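This is what each chain is made of:
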Amino acid sequence: MATVTYDNVTLTYPGADRPSVSDLNIEIADGEFLVLVGPSGCGKSTSLRMLAGLEEVTSGRILIDGRDVTALSPKDRDVAMVFQNYALYPHMSVADNMGFALKIAGVDKSEIRKRVEEAAQILDLTQYLERKPKDLSGGQRQRVAMGRAIVRQPQVFLMDEPLSNLDAKLRVQTRTQIADLQRRLGVTTVYVTHDQVEAMTMGDRVAVLKDGLLQQCDTPRNMYDHP
Ligand code: ADP
Ligand code: ADP
């Protein structure tokens, strides 16, 4: 677990005439579930990707647990990201998909098995460990993608529209599961969505972006009371 700080962060893509994210300041508490919300193109993914180290900031700093990680590569940041398209390896079983990053990192097999089994239990995937992704439902695949991130036991968990490929009913069900899971793990989480209802039901706090600018950042309760 860890705090996350966006300290006056700006990103202007090469050749762009204005920043995609401007002077972003957010302090995320240890164990907090923060949702970044706003219309398409407002800078949500860019903000998340900068935290993951997948985009370089133009100015400002990003801190994880008080440590300046601005110049660090993704693998040195101790963050794990779940993407909207799941990006599972089709030829690998669920278990191998979940354990793959650990295998690459040289974690020993018994430890990988233990973590994969724990994550599968939490995510209700135990009976699917030997299946291939194509033999799973969309919701199950989405849970595998989360499992792959969880087994790494990151300090910070990042999710970019993880529910956008699910139908409406499954989306509601899965958003409750994700929120429960996050609370159980207590891992600091930054979650991107364009869906305001999703934001308000899932977030401890909600940060609203528009044209790369932070409009407000508050608890859902305060936002309803003072829209
Ligand atoms: P969101 O996630 O809220 O939809 P993005 O962070 O993806 O928004 O994009 C913010 C702005 O930056 C948009 O105007 C988008 O067109 C622009 N943008 C995103 N990625 C790139 C890129 N790689 N190069 C240039 N412009 C980009
Ligand atoms: P190999 O890669 O040599 O086939 P394993 O059969 O031990 O070695 O599987 C590799 C990894 O796949 C394991 O380290 C573990 O992450 C995962 N794995 C495979 N099957 C299971 C399972 N039934 N339960 C938990 N983890 C599994």
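Residues numbered from 1 in each chain as written. Chains lettered and ligands numbered in written order. Predicted model: local features only at pLDDT ≥ 70, side-chain atom pairs only at ≥ 80, totals over all residues. Heavy atoms only, no water.

The protein chain is annotated in an unreviewed UniProt entry as Sugar ABC transporter ATP-binding protein of Dermacoccus nishinomiyaensis.

A. How the structure looks around the site of ligand 1. Taken together, Tyr13, Ser20, Pro39, Ser40, Gly41, Cys42, Gly43, Lys44, Ser45 and Thr46 make up the full set of residues adjacent to ligand 1. Between ligand 1 and Ser20, the relevant distance is 2.6 Å, taken from an oxygen atom to a side-chain nitrogen or oxygen of the residue. Interatomic distance of 2.5 Å between a side-chain N/O atom of Thr46 and an oxygen atom of ligand 1. Of the residues belonging to the shell around ligand 1, the class tally is 3 nonpolar, 6 polar and 1 charged. (Near = heavy atom within 4 Å. Polar contact = N/O pair within 3.5 Å; in protein donor to acceptor, adjacent residues only side chain to side chain. Nonpolar A, V, L, I, M, F, W, Y, C, P; charged D, E, K, R; others polar.)

B. Up close: the packing of aromatic side chains. Enumeration according to the criterion identifies 2 aromatic pairs in this entry. With a centroid separation of 5.5 Å and 40 degrees between ring planes, the pair formed by Phe33 and Tyr191 is classed as tilted. Here Phe33, found in strand β3 (residues 33-37), pairs with Tyr191, found in strand β8 (residues 188-193); they are 158 residues apart in sequence, far enough to count as distant. As far as burial versus exposure is concerned, Phe33 and Tyr191 are alike and both buried. Arranged with centres 5.0 Å apart and planes meeting at 65 degrees, the rings of Tyr89 and Phe100 form a pair that is edge-to-face. Pair noted here: Tyr89 is in the loop between β6 (79-82) and α2 (94-104) and Phe100 is in helix α2, with a separation of 11 residues, a long-range link. With a relative accessible area of 31%, Tyr89 lands in the partly exposed category. We classify Phe100 as partly exposed; its relative accessible area is 27%. (Phe/Tyr/Trp six-rings, centres within 6.5 Å; stacked < 30°, edge-to-face > 60°. Helix = DSSP H or I, 4+ residues; strand = E, 2+ residues; numbered from the N terminus. Buried < 20%, exposed > 50% of the residue type's maximum accessible area, 1.4 Å probe, protein only.)

C. Focus on unusual backbone geometry. One non-glycine residue, Asp23, adopts positive backbone phi at about 45 degrees. Its location among the elements puts Asp23 in strand β2 (residues 21-28). The class for Asp23 is partly exposed, based on a relative accessible area of 49%. Even without glycine at this site, Gln153 takes up a positive phi of about 50 degrees.

D. Spotlight on the sheet that holds β2. Across the sheet, 4 strands lie side by side as β2-β1-β4-β5; this open sheet has antiparallel pairing. Two strands close off the open sheet at either side, each with one partner strand: β2 and β5 (67-68). Across 5 bridges, strand β1 (residues 4-11) lies against β2 in antiparallel orientation. Note that in β2 the partner of Val4 across the bridge is Ile28. Running at roughly 120 degrees to β1, helix α1 (residues 44-52) makes contact with β1, β2 and β4 (59-64) of the sheet. (Pairing = 2+ DSSP bridges. Contact = heavy atoms within 4.5 Å. Axes fitted to C-alpha atoms, helices over the stretch in contact; angles between N-to-C directions.)

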